[in-house]
Amino acid sequence: MVDFNWGFFLELVVSGVLIGLMYSLIALGFVLIYKSTDAINFAQGEFVMIAGIIVGACAASYGLPLWLAISLSVGFMVVFNVGLERTVLRPMIGRPIVAIIMATIGLAALLRGAGPFFFGAGTRPLNLPIDDAPIIIGDHFIYLNPIHLLGASAAVLFLLGFGWFFLKSRKGVAMRAVADSHQVSMAMGINVQRYFALAWVMAGVVAALGGVIWGSLLGVDTQLAIIGLKVFPVVILGGLDSIVGVIVGGIIVGVVENLAAGYLDPMVGGGTKDFTPYVLMILMLMFKPYGLFGKPIIERI
Amino acid sequence: MPDGMNRGPDDGPALSVEGVSKNFGGVRAVSGVSTAVRRGEVFAIIGPNGAGKTTLLNMVSGFYKPDQGAIRFRDRDIGRMKPNQIAKLGIARTFQNIALFRGLTVLDNLMLGRHVRLKSGVFSSLLYWGPAQKEEICHRRRCEEIIDFLKLSDLRKTPAGALAYGLQKRVELGRALASDPTLLLLDEPMAGMNQEEKEDMVRYVLDVSAEWGTTIVLIEHDMGVVMDISDRVAVLDMGEKIAEGTPDEVRAAPKVIQAYLGTAH
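None of the values given here were measured: they were computed from a predicted structure.

### Topic: the overall build of chain A
Here is step 1 of the chain: In terms of helices and strands, chain A carries 12 helices and two strands.
Here is step 2 of the chain: When its helices and strands are written in sequence order, chain A yields α-α-α-α-β-β-α-α-α-α-α-α-α-α.
Here is step 3 of the chain: Taking 19 Å as the expected radius of gyration for a compact globule of 301 residues, we find that chain A reaches 20 Å, a close match to that expectation.
Here is step 4 of the chain: Taking the principal axes of the C-alpha coordinates as reference, chain A spans close to 65 × 55 × 35 Å.
Here is step 5 of the chain: A burial count over chain A gives 47% of its 301 residues as buried.
Here is step 6 of the chain: Within chain A, contacts between residues at least 6 apart in sequence are counted, and of these 75% link residues at least 24 apart.

If you want it as structure tokens, here you go:
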């Protein structure tokens, strides 16, 4: 190909990486819960939605300053998730994982109804106070969306922070121990329930941040919850229990999705962006079901 | 550190089990067992498979609640307490099947053993700041002492899952020691080891007892080991205690010969 347009290609890749990192942030919520409780939280997308709606409602409808709206949303997610852990999830400890998963699916349905019920069904804008004129890099006119850039930076900060937490800090190591074995952790004097609560709180905070970032891109309404489904390929690709996996998985999905949109869509008339990540996910499940960085579980019989 | 209080059998038992029973469905795993472990002694629990030894240990460490009877640790009723609360009182245990955190390094496993001694809260430890940092250094020092004691210096950064079986058992002992327990429960610490590894482990167990005065309760199948290192032995069979005493007394008890030593095992 003589006329291969490198500028276009680069632009697709770069913005794919940025979007991918923003996916990673949402996916981190799944990983946090899975790492400590072994359950998959199907309501993670709804957490993002509720957090986004709260910010949107506070800022756009009630006219609060953005920082206050975001703090309120983060605070709500913390309180909500602590309450959730106490009332719904704690009684489930020791039950089959399927029971916990079903509970989160029910919770997702509940939240999808509660959002519009309390805050109305309309789409609200969520405007971050940054200039959204594209940043242009180099002679090839690589356009970058500043919101993508901000979102990706926030995502990287959070991912590094949690990476440090799990690898280096005492509480993080204890949390990995809890994920490894509840029983042995208790014998070490670890209060397992408190770490479950901590995991849910962290997932809530991550969801709130995700809600702000994705809400500012897409606007906030119940559709925001779909992001939870969209990041499934990210989590499966990277491995359910790996933070590194989440980053790499996010970048791969973001780039593949963008390249598909750039090169395949014009040929077939659009829509490839939406399904290519799932094709990747299915291939992954066929050949490496624990993901790129996941921990294979070997059962002794 | 365990102090002088730990010594001296006159000071009341370290652990007493009073008429404890535990059923699983229709199976009577432990039935009306009473015994007392003196401070500072090495106390062995032996018996054929399914005799209820591990069940008894699980009740002491809080994983099972006894259906009847009381368990007292230094005159405190621990029968209804949760495992993490019991661990905080100074009871540490190892498991029959190695239960290390396989993905964590040897040092991190030991540091987790010190978890019960952690005082700083979530926030200061998240920030790794001020008291949390000072505390960490102090815990680290204690872990290094144990690493030296168990001759694990070269392996402190190795993931526990990558170690040989005998070494993993040793790390598990180290993790239990890291909490500075006054009562150490060992569930088959020598199971599956070769002769050399067993001799090492015996030496470590005796050293722990001699150096820190830690009270040790162990379950073990190797009769030679049990008779060598224990001050006293209790024998369980079918959930009931059939004998208790010094190794020689137990060896001579007719019920024991019939139930345990006489049968091929």
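Past the structure itself, the notes keep going.
### Quick look at the interface of chain B and chain A
Here is step 1 of the chain: Each side of the interface is counted separately: chain B has 25 residues, and chain A has 18 residues.
Here is step 2 of the chain: Elements supplying a minimum of two residues to the side of chain B that touches chain A: helix H2 (83-88), helix H3 (106-113) and helix H4 (122-127) of chain B.
Here is step 3 of the chain: Along the lines of polarity and charge, the residues of the side of chain B that touches chain A split into 14 nonpolar, seven polar and four charged.

### Examining the sheet that holds strand E3 (residues 42-46) of chain B
All names here are of chain B.
Here is step 1 of the chain: The six strands are arranged E6-E7-E8-E3-E9-E10 in an open sheet whose pairing can be described as mixed. Whereas interior strands pair on both sides, the edge strands pair on one side only; in this sheet they are strand E6 (91-93) and strand E10 (240-245). The sheet shows a mean angle of 15 degrees between the axes of neighbouring strands, direction not considered.
Here is step 2 of the chain: Relative to strand E8 (residues 215-219), E3 runs parallel, the two sharing four bridges.

### Some thoughts on the confidence of the model for chain B
Residue and element names in this part refer to chain B.
Here is step 1 of the chain: Averaged over every residue, the pLDDT of chain B is 86; the share at 70 or more is 89%.
Here is step 2 of the chain: Here residues 1-9 scores under 50 on pLDDT; set against residues more than four positions off or in separate chains, the count is 19 contacts.
Here is step 3 of the chain: On the interface metric, ipTM, the complex scores 0.73, and its pTM is 0.77.

### Quick word on helix H1 (residues 53-60) of chain B
Here is step 1 of the chain: Summarising burial for H1(B): eight of the eight residues are buried, a large majority.
Here is step 2 of the chain: Looking only at H1(B), the buried set comprises Lys53(B), Thr54(B), Thr55(B), Leu56(B), Leu57(B), Asn58(B), Met59(B) and Val60(B).

### Topic: unusual backbone geometry
The bulk of non-glycine residues show a negative phi, and the bulk of peptide bonds are trans.
Residues and elements named next belong to chain B.
Here is step 1 of the chain: A positive phi angle, close to 55 degrees, is found at Lys 151, a residue other than glycine.
Here is step 2 of the chain: Relative to the helices and strands, Lys 151 resides in the loop between helix H5 (131-149) and helix H6 (165-178).
Here is step 3 of the chain: In this structure, Asp 180 is a non-glycine residue whose phi angle is positive, near 50 degrees.
Here is step 4 of the chain: Summarising the element assignment, Asp 180 is placed in the loop between H6 and strand E7 (183-187).
Here is step 5 of the chain: Overall, Asp 180 belongs to the partly exposed group, with 17 C-beta atoms counted inside 10 Å.

### Focus on the environment of Val184(A)
Here is step 1 of the chain: Structurally, Val184(A) can be placed in helix H7 (residues 182-187).
Here is step 2 of the chain: The exposure class assigned to Val184(A) is buried, which follows from the 22 C-beta atoms found within 10 Å.
Here is step 3 of the chain: C-alpha of Val184(A) to C-alpha of Glu85(A): the two residues are 99 residues apart in sequence and 21 Å apart in space.
Here is step 4 of the chain: Those residues in contact with Val184(A) that lie beyond four places of it in its chain are Phe95(B) and Ala99(B).

### Regarding the nonpolar core
Residue and element names in this part refer to chain A.
Here is step 1 of the chain: Counting 158 residues, the largest nonpolar core has Met 22, Ala 27, Val 31, Val 48 and Ala 199 as its most contacted members.
Here is step 2 of the chain: Top element by residues in this core is helix H8 (residues 192-218). It accounts for 18 residues.
Here is step 3 of the chain: The residues contacting Val 31, other than those within four sequence positions of it, are Val 235, Leu 240, Asp 241, Ile 243 and Val 246.

What counts as what
- Residues numbered from 1 in each chain as written.
- Chains lettered and ligands numbered in written order.
- Predicted model: local features only at pLDDT ≥ 70, side-chain atom pairs only at ≥ 80, totals over all residues.
- Helix = DSSP H or I, 4+ residues; strand = E, 2+ residues; numbered from the N terminus.
- Rg over C-alpha atoms; globule rule 2.2 N^0.38 Å.
- Buried ≥ 20, exposed ≤ 12 C-beta atoms within 10 Å, placed from the backbone.
- Contact = placed C-beta atoms within 7 Å.
- Nonpolar A, V, L, I, M, F, W, Y, C, P; charged D, E, K, R; others polar.
- Pairing = 2+ DSSP bridges.
- Axes fitted to C-alpha atoms, helices over the stretch in contact; angles between N-to-C directions.
- pLDDT = per-residue confidence, 0-100.
- Core = buried A, V, L, I, M, F, W, Y, C linked by C-beta atoms within 7 Å.

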